[in-house]
Amino acid sequence: MGGLRGRLNNPNFVASAKEEVVEETREKLEQGEAEAVKLRAALVRLAEVG
């Protein structure tokens, strides 16, 4: 996710890449962040059980 975030924070990438590529990168980052939230919640539940 750090790499995706880095690309999107790079003005050269955003300016020079095709809009489809930029949008795909944004979507991948959103999906990764959503998955990270789910995993953190699962770890909390596991810690409570264990």
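The paragraphs below set out a description of the structure included in this document. (Residues numbered from 1 in each chain as written. Predicted model: local features only at pLDDT ≥ 70, side-chain atom pairs only at ≥ 80, totals over all residues. Heavy atoms only, no water.)

### Brief notes about helix α3 (residues 19–49)
Where we set the bar: Counting from the N terminus, the helices are DSSP H or I runs at least four residues long and the strands are E runs at least two residues long. To estimate how far a helix should extend, the number of its residues minus one is multiplied by 1.5 Å. For every residue, the accessible area (1.4 Å probe, protein chains only) is compared with the maximum for its type, and the residue is labelled buried under 20%, exposed over 50%, or partly exposed between those bounds. Throughout, a contact is declared for two residues whenever any of their heavy atoms are within 4.5 Å.
Its 31 residues give α3 an end-to-end C-alpha distance of 45 Å, which sits within 8% of 45 Å, the value for a rise of 1.5 Å per residue. Among all positions in α3, only V22, T25, L29, G32 and A36 are buried. On the buried face of α3, the contacting elements are α1 (2–9) and α2 (11–16).

### Brief notes about the environment of N12
Among the structural elements, N12 can be located in helix α2. Here the alpha-carbon distance between N12 and V22, two residues 10 residues apart in the chain, equals 11 Å.

### Topic: the nonpolar core
The condition that has to hold: The criterion is simple. A nonpolar core is a set of buried Ala, Val, Leu, Ile, Met, Phe, Trp, Tyr and Cys residues joined through side-chain atoms within 4.5 Å.
Among the nonpolar cores identified, the biggest contains 6 residues, and these are L4, L8, F13, A17, V22 and L29. Breaking this core down by element, the ones donating at least two residues are α1 and α3.

### Points about the packing of α1 against α3
For clarity, the cut-off: In this analysis an axis means a line fitted to C-alpha atoms, helices contributing only their contacting stretch, and an angle means the value between N-to-C directions, from 0 to 180 degrees. Any angle that is under 35 degrees is reported as roughly parallel, and any over 145 degrees as roughly antiparallel; angles of 65 to 115 degrees are reported as roughly perpendicular and all others as oblique. Two helices crossing with the near one rotated counterclockwise from the far one by less than a right angle form a left-handed crossing, whereas a clockwise rotation gives a right-handed crossing. Ten residues, namely Ala, Val, Leu, Ile, Met, Phe, Trp, Tyr, Cys and Pro, are considered nonpolar, four, namely Asp, Glu, Lys and Arg, are considered charged, and the remaining ones, Gly among them, are considered polar.
Contact geometry for α1 and α3: axes closest at 9 Å, N-to-C directions at 140°. Overall, the two elements α1 and α3 adopt an arrangement that is oblique. The handedness of the crossing between α1 and α3 comes out as left-handed. Every residue of α3 that contacts α1 at L4, R5 and L8 is listed here: V22, T25, R26, K28, L29 and E33. In the contact of α1 with α3, the residues fall into 4 nonpolar, 1 polar and 4 charged.

By themselves, these are just geometric observations and shouldn't be taken as functional.
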